[in-house]
Amino acid sequence: MTPTVSGALIGAILAVSIILFGFWGFLLVALFMGIGAVLGRIVSGKLDVRGLATAFSGRRTS
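Rules and cut-offs
Residues numbered from 1 in each chain as written. Predicted model: local features only at pLDDT ≥ 70, side-chain atom pairs only at ≥ 80, totals over all residues. Heavy atoms only, no water. Helix = DSSP H or I, 4+ residues; strand = E, 2+ residues; numbered from the N terminus. Rg over C-alpha atoms; globule rule 2.2 N^0.38 Å. Buried < 20%, exposed > 50% of the residue type's maximum accessible area, 1.4 Å probe, protein only. Phe/Tyr/Trp six-rings, centres within 6.5 Å; stacked < 30°, edge-to-face > 60°. Polar contact = N/O pair within 3.5 Å; in protein donor to acceptor, adjacent residues only side chain to side chain. Contact = heavy atoms within 4.5 Å.

Some points on the overall build of the protein
Moving on, step 1. Across its full length, the protein carries two helices and zero strands.
Moving on, step 2. Rg of the C-alpha trace for the protein: 16 Å, well past the compact-globule value of 11 Å for 62 residues, more than 25% over.
Moving on, step 3. Seen through its C-alpha atoms, the protein measures out along the principal axes to roughly 45 × 30 × 20 Å.
Moving on, step 4. The buried share among the 62 residues of the protein stands at 6%.

Thoughts on the environment of Ala55
Moving on, step 1. Examined against the element boundaries, Ala55 turns out to sit in helix α2 (residues 49-57).
Moving on, step 2. Residues Ala55 and Ala15, spaced 40 residues apart in sequence, show a C-alpha to C-alpha distance of 34 Å.

Overview of the packing of aromatic side chains
Moving on, step 1. In the structure shown here, the tally under the stated rule is one aromatic pair.
Moving on, step 2. A centroid spacing of 5.2 Å and a plane angle of 70° characterise the contact between Phe23 and Trp24, whose relative ring orientation is edge-to-face.
Moving on, step 3. A residue is classified by how much of its surface remains accessible, and Phe23, at 47% relative accessible area, is partly exposed.

Some remarks on α2
Moving on, step 1. A side-chain oxygen of the first residue of α2 lies 3.2 Å from the backbone nitrogen of Gly51; this N-cap is Asp48.
Moving on, step 2. After α2 finishes, the residue Gly58 shows a positive phi value of roughly 90°.

Some details on the side chain of Ser17
Moving on, step 1. Note that Ser17 resides in helix α1 (residues 3-44).
Moving on, step 2. We classify Ser17 as buried; its relative accessible area is 3%.
Moving on, step 3. When neighbours within four sequence positions are excluded, Ser17 is seen to be in contact with Gly22, Phe26 and Val29.

Here's what the structure looks like:
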């Protein structure tokens, strides 16, 4: 799936969620989509959790 198709699909899902559930439902759907995307990247190995944790804790130097 190309990034253009993925973006269009995400936009359609968010548009339907704001129509059906209102603003707060839209925010909840967007939050869960973001959490799902992060979890998917962790499972596929494209996101290093330890590196991310050390970057947020300030222990990493560049």
